[in-house]
Every structure is written in C-alpha cells, then in structure tokens.
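Chain and residue survey
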Amino acid sequence: MDLIALLRELSDAFGVAGFEDDVRGKIERLIAPLVDDVRTDVLGNLLASRKGKGDLTLMLDAHMDEVGFIVKWIDDKGYLRFAPLGGWDPRILPSHRVEILTRAGERRQGVIGSAPPHILSEEDRKRPIPIESMFIDVGASSREEATEMGFRIGDPLTIHPPFAELRPGYVSGKAFDDRAGCVVLLEAARRLAEAPLKTNVVFAFATGEEVGARGARTAAYQIDPDVSLSVEGTIGADMPAVAEENQPVRLGRGPAITVADRSIIVPRRMVEGLERVAEENSIPYQYKLPTYGGTDAGAIHVTRAGVLSGVVSVPCRFIHSPTSTLRVDDLENTIRLVAGFVKALPDVLALG
Ligand code: CO
C-alpha cells in the first residue's frame, strides 16, 4: 500500500477516544507480519514488539484515538445532545454531518443543529454557540423513535468528511492527529522489517491521548522502556492571520522536532540525537515552537524512574477540526527520521 492509500485507510477508520476498536483492528492486521509479537492490553493499547540484539528498549508511540463526541442525552423530541471527547472549537461545529457509532456497530448519520440565526437576537448572533445548546438531528421525532433506531446514551460520534487528494502529494482528511503518526510507525516497521536491530522496539499504538494520554501511561509502565519517541500530527499554522512567530509548525519543512511543549521539556540529548540523524541522512527538519500543545510523551517521560523521551511530528493544518491537510513529503521525511533514529540507537544517544 502506498503512503496515501495507507493514510486514507487509517484516516477513514473510526477511533474516537475510548472507542478505538476499528482503527486498532486495521493497524493490527498491517503490523502483525512485521513484528515478533502483537498484543492488546486492558486499556486497548496495541503493542507490537520486535526483539533486538541489545538490552535497550525503545518505545515508539503514536495514538490511535481522535477527538470526537459522546451522546449525553436523548430528549423527548428525539434530538441527541452531546459532549466533546477531546478539544474542539465550538464555532466550527453547527451544520456538520456526523457519524454516530451505535451499540450494534452501525455507523449512522445525523446533523449538528443550533437555533436558526433568523430567530436569534442581534446580540446572540454575535456570540459563539456553546456545545451544550447544540443538538443532533437524526430524523427521529421522539425519544422512543431514536431508541428504536439504535441510539443510546454513550454512543460515540465524529465528523467525517471524505478523504481527498487536493493536488498530487497534498491530502485532506479527518483525524490526521494522530493517524499520520500511526502511518509513520507502520511504515517505519515495514522498512525496518528486514534489518537486524540493536535495540528492542515496541511499536505502541495508544488509546485516549486526546482525553489525557491515558493509554500511553499504562503502555509505558508495562513496556518499561529506556527511550521513547512519540510521533504526532501537530499544529501546522502557516496561514493567513497567524504571525510567523506564532506558527508552531509549517508545512513543507519536514518533521518537527519538539524542544518543549506544555507536557514535556525534551532533554537536549534527545533533541541533538534527532538532529544528528536528520543531518546525517539529509532529512529536512524544523522545530516545533515552544510551548504549544501536549502529547503522550508528557505521560511517558515521568513513568517509573523516568524515560528519556522525545517527540517528532508531521505538520498538519486544521487539527482538532473535521478535516486536516498535510503534505505527503513531510510524512515521508518523518518516516525516514524515525526509521533512521531506530537504526542509530543506541550510539546516537551515547547509551548502551
Ligand atoms: Co495528537
């Protein structure tokens, strides 16, 4: 499968935080032939391991979950009320079509509604509509009807526009945060499959990052790694209305190496190791400007007695919205950096 086909497959999978089964199933099928062992833990993390020659263990982490919503109430007129799972900007929600995963495993459609502007006061029209005031129209006219249609409190949902290649090498789709990272891990695993490794590598596909790095925390505890590298899809903000010094990362400049975000200050040794791998392999790279966002690395590096942790990201515009965009050359260069880093261990960090 080429990179775009792989990204499309994972982007279109359902994986709202806490409901990652669909995306996990797809990743498991793809990675199983490339590793020595695959298992799923209690929190739903998928852990795929390869044995290396040495004693050192590297945890490569990407999160499977995406931001979404959960049905919190079905009213007597048949409208679904919902709450966010992960960070959303409420201004962008009304009138989007949503995909709701029912208990029966069906993906049903609905539309996010809010009071029509025609009936709002001038003041209210200027104010953003809070999510609590929005509702989902599924075509039911009563709670009984909505229930008969299969909807229940607790059903997860997301907004899912179709994946598209806007121009060659430039794609748009949902959940690039962090399916782009999942693609990087899968493709790195494939490219390393024939190579003998000096370190043990665990490809950890984590659950629940968007609600507080929940999966990565327990994954790191059981893997007990010496080193970890989290791979993210992060805030590409090279766009009108954002000053250059406020753009966390930019598209087309290669993988973004994190120096510090709100969840971790990356040890210099790790940053310099990644820079060295990039420079030795002629891979373009950029820094993710401090101190935007947080990642699984925030949970991983404080596990047990501490883990030497770093983060690299694929630049993606419009994350935490229904559709992101990314450049496939950035994705490719991130794969090269991650695979190169694995091969360069443990020497590149002066470990082992
Ligand atoms: Co993320």
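Cut-offs and rules
- Residues numbered from 1 in each chain as written.
- Predicted model: local features only at pLDDT ≥ 70, side-chain atom pairs only at ≥ 80, totals over all residues.
- Heavy atoms only, no water.
- Donors = N, O, S within 2.8 Å, 3.2 Å for Na, K, Ca; no water.
- Tetrahedral: all angles 85-135°; square planar, octahedral: opposite > 155°, others 65-115°.
- Helix = DSSP H or I, 4+ residues; strand = E, 2+ residues; numbered from the N terminus.
- Buried < 20%, exposed > 50% of the residue type's maximum accessible area, 1.4 Å probe, protein only.
- Salt bridge = Lys/Arg side-chain N within 4 Å of Asp/Glu carboxyl O.
- Contact = heavy atoms within 4.5 Å.
- Core = buried A, V, L, I, M, F, W, Y, C linked by side-chain atoms within 4.5 Å.
- Disulfide = S-S within 2.5 Å.
- Axes fitted to C-alpha atoms, helices over the stretch in contact; angles between N-to-C directions.
- Parallel < 35°, antiparallel > 145°, perpendicular 65-115°, else oblique.
- Left-handed = near helix turned anticlockwise from the far one by under 90°.
- Nonpolar A, V, L, I, M, F, W, Y, C, P; charged D, E, K, R; others polar.
- Pairing = 2+ DSSP bridges.
- 1 Å grid on protein atoms, 1.4 Å probe; cavity = no way out; pocket = protein on both sides within 12 Å on 5 of 7 lines; lining within 4 Å.
- Points joined across faces, edges and corners; volume = space filled by probe spheres on them.

**Let's talk about the coordination of the cobalt ion**
Those donors, His63 (NE2), Asp177 (OD), Glu232 (OE) and Glu232 (OE), are the protein atoms that reach the cobalt ion, and they lie 1.9 to 2.5 Å from it. Taken together, the four donor atoms coordinating the cobalt ion and their angles of 53 to 137° define a geometry best described as irregular. Summarised as a motif, the one-chain spacing of the donors to the cobalt ion is H-x113-D-x54-E. Note that Asp177 is positioned in helix 5 (residues 176–192) and Glu232 in strand 13 (residues 227–236), a separation of 55 residues in sequence. Accessibility classification places Asp177 together with Glu232 in one group, the buried group.

**Topic: the pattern of salt bridges**
Per the stated rule, a full pass over the model turns up 21 salt bridges. The salt bridge partner of Asp21 is Arg24, with a shortest N-O separation of 3.3 Å. Here Asp21 pairs with Arg24, and both are found in helix 2 (residues 21–31), just three residues apart, close to one helical turn. Given the relative accessible area of 13%, Arg24 is considered buried. Among the salt bridges present, the one from Glu244 reaches Arg250, with a minimum N-O distance of 3.4 Å. Through salt bridges with shared partners, one network takes in Asp22, Lys26, Glu99 and Arg107.

**Re the environment of Leu331**
Position of Leu331 among the secondary structure elements: in helix 9 (residues 328–344). Separated by 150 residues in the primary sequence, Leu331 and Gly181 have C-alpha atoms spaced 8.6 Å apart. With near-sequence residues (within four places) excluded, Leu331 lies in contact with Leu3, Leu7, Ala180, Val183, Val184, Val314 and Leu326.

**What to know about the nonpolar core**
Phe203, Phe205 and Phe341 are the most contacted members of the largest nonpolar core, which totals 64 residues. The dominant element in this core, judged by the number of residues it contributes, is helix 5, at ten residues. Among residues more than four places away in sequence, those in contact with Phe341 are Leu58, Val227, Leu229, Met270, Leu274, Val277, Val348 and Leu349. In this structure, Ile74, Trp88, Ala146 and Phe151 belong to the second largest nonpolar core, which totals 20 residues.

**Observations concerning the state of the cysteines**
Following the criterion strictly, the structure yields zero disulfides and no others. Looking at the unpaired Cys182, the closest cysteine sulfur is the one in Cys316, lying at 12 Å. Cys316 sits in the buried class, given a relative accessible area of 0%.

**Considerations on the packing of helix 1 (residues 3–11) against helix 5**
Two quantities define a packed helix pair, namely the angle between the axes and the distance from one axis to the other. Running from N to C, helix 1 and helix 5 cross one another at 130°; their axes reach a closest spacing of 9 Å. Regarding the angle of helix 1 to helix 5, the classification is oblique. Relative to helix 5, the crossing made by helix 1 is right-handed. Along the contact surface, helix 1 presents Leu3, Leu6, Leu7, Leu10 and Ser11, while helix 5 presents Phe176, Arg179, Ala180, Cys182, Val183, Leu186 and Glu187. A per-class count over the contact of helix 1 with helix 5 returns nine nonpolar, one polar and two charged.

**A look at the pairing of strand 12 (residues 200–206)**
Of all the seven residues making up strand 12, seven are buried; the element is thus mostly covered by neighbouring parts of the structure. By the alternation rule, side chains of strand 12 split into Asn200, Val202, Ala204 and Ala206 and Val201, Phe203 and Phe205, which are all buried. In this structure, strand 2 (residues 46–50) lies alongside strand 12, joined through five bridges in antiparallel fashion. Its bridge partner lying in strand 12, Ser49 is registered against Val202. Pairing of strand 3 (residues 57–63) with strand 12, which is carried by seven bridges, proceeds in the parallel orientation. When the bridges of strand 12 are listed, Leu60 appears paired with Phe203.

**Focus on the layout of surface pockets**
Each pocket or cavity is described by its volume, and for the largest pocket that value is around 370 Å³. Together, 20 residues line the largest pocket, and Glu209, Glu210, Gly293, Gly294 and His320 are the ones closest to its centre. Ranked by residue count, the leading element in the lining of the largest pocket is strand 13, at four residues. A per-class count over the lining of the largest pocket returns four nonpolar, nine polar and seven charged.

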